[in-house]
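# Overview (structure and organization)
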Amino acid sequence: MASTFIHWLKSPAGRDYFFSTHFWGPVANWGLPLAALSDLQKNEEIISGTMTTALAYWCLCAWRVQPRNYLLFACHFTNSTAQIVQDARFVNYWYMGGREKKLNVNEEKPIPPPVSN
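Residues numbered from 1 in each chain as written. Predicted model: local features only at pLDDT ≥ 70, side-chain atom pairs only at ≥ 80, totals over all residues. Heavy atoms only, no water.

### Observations concerning the overall build of the protein chain
Filter applied, for reference: Runs of E in the DSSP output that reach at least two residues are strands. Runs of H or I that reach at least four are helices, and both are numbered from the N terminus. Buried residues are those whose accessible area, probed at 1.4 Å on protein chains only, stays under 20% of the maximum for their type, while exposed residues exceed 50% and partly exposed ones sit between those limits. We call two residues contacting when some pair of their heavy atoms lies within 4.5 Å.
When helices and strands are counted, the protein chain shows eight helices and zero strands. N-terminal to C-terminal, the α/β element order of the protein chain is α-α-α-α-α-α-α-α. The buried share of the protein chain, taken over its 117 residues, is 26%. The long-range fraction of contacts in the protein chain, counting pairs at least 24 apart against all pairs at least 6 apart in sequence, stands at 72%.

Pasting the structure below:
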């Protein structure tokens, strides 16, 4: 299988693909889902519900591209999945009591006494 891929890569069709925007566009586009995945660790208070929802539905655009670009679709699908998780975190934090729970937990934590040397 690897030799078939190498043979295809050396062919004019392989070179045309790897030196085209059908390859480099999606590769450059992977910055969006990688940023979205790293944002999953950040505070819910900074999530924009409007932007997150818009980015979640953006995946549909990649499927409409002709000819089909599966690398672009994988990028958009990953981004949409991360954005749907962010949307769920946003709704939980602002509308389902997540903010109040977080504030109560912070209030209940005792302040440790200062350590003297």
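### Topic: the packing of aromatic side chains
What counts here: Any two rings among Phe, Tyr and Trp, with Trp reduced to its six-membered ring, count as a pair given centres within 6.5 Å; such a pair is stacked if its planes are under 30 degrees apart, edge-to-face if over 60, and tilted if neither.
All chains considered together, the criterion is met by three aromatic pairs. When the centroid spacing of 5.1 Å and the interplanar angle of 85° are considered together, the rings of tyrosine 93 and tryptophan 94 count as edge-to-face. Overall, tryptophan 94 belongs to the partly exposed group, its relative accessible area being 35%.

### A look at helix H7 (residues 70–95)
Quick reminder of the rule: Helices are assigned an expected span. That span is 1.5 Å times one less than the residue count.
Look at H7: 36 Å from first C-alpha to last across 26 residues, which is about the 38 Å you get at 1.5 Å a residue. For H7, the full list of buried residues reads Leu72, Cys75, His76, Asn79, Ser80, Ala82, Gln83, Gln86, Asp87, Arg89, Phe90 and Tyr93. Looking at the residues trailing H7, positive phi occurs at glycine 97, about 90°.

### Some thoughts on the packing of helix H4 (residues 31–39) against H7
Two numbers describe a pair of packed helices, the interaxial angle and the distance between the axes. Threshold: As a rule, the C-alpha atoms of each element are fitted with a line to give its axis, helices using only the stretch in contact, and angles between N-to-C directions run from 0 to 180 degrees. In this scheme, roughly parallel covers angles under 35 degrees and roughly antiparallel covers those over 145, while 65 to 115 is roughly perpendicular and the rest are oblique. Take the far helix as the reference: if the near one is turned anticlockwise from it by less than a right angle, the crossing is left-handed, and if turned clockwise, right-handed.
Relative orientation of the contacting elements H4 and H7 amounts to 25°, with a least axis distance of 8 Å. Of the possible angle classes, the one that applies to H4 and H7 is roughly parallel. As for how H4 packs across H7, the hand of that crossing is left-handed. Listed contacts from H7 to Leu32, Pro33, Ala36, Leu37 and Asp39 of H4 are Cys75, Thr78, Asn79, Ala82, Gln83, Gln86 and Arg89.

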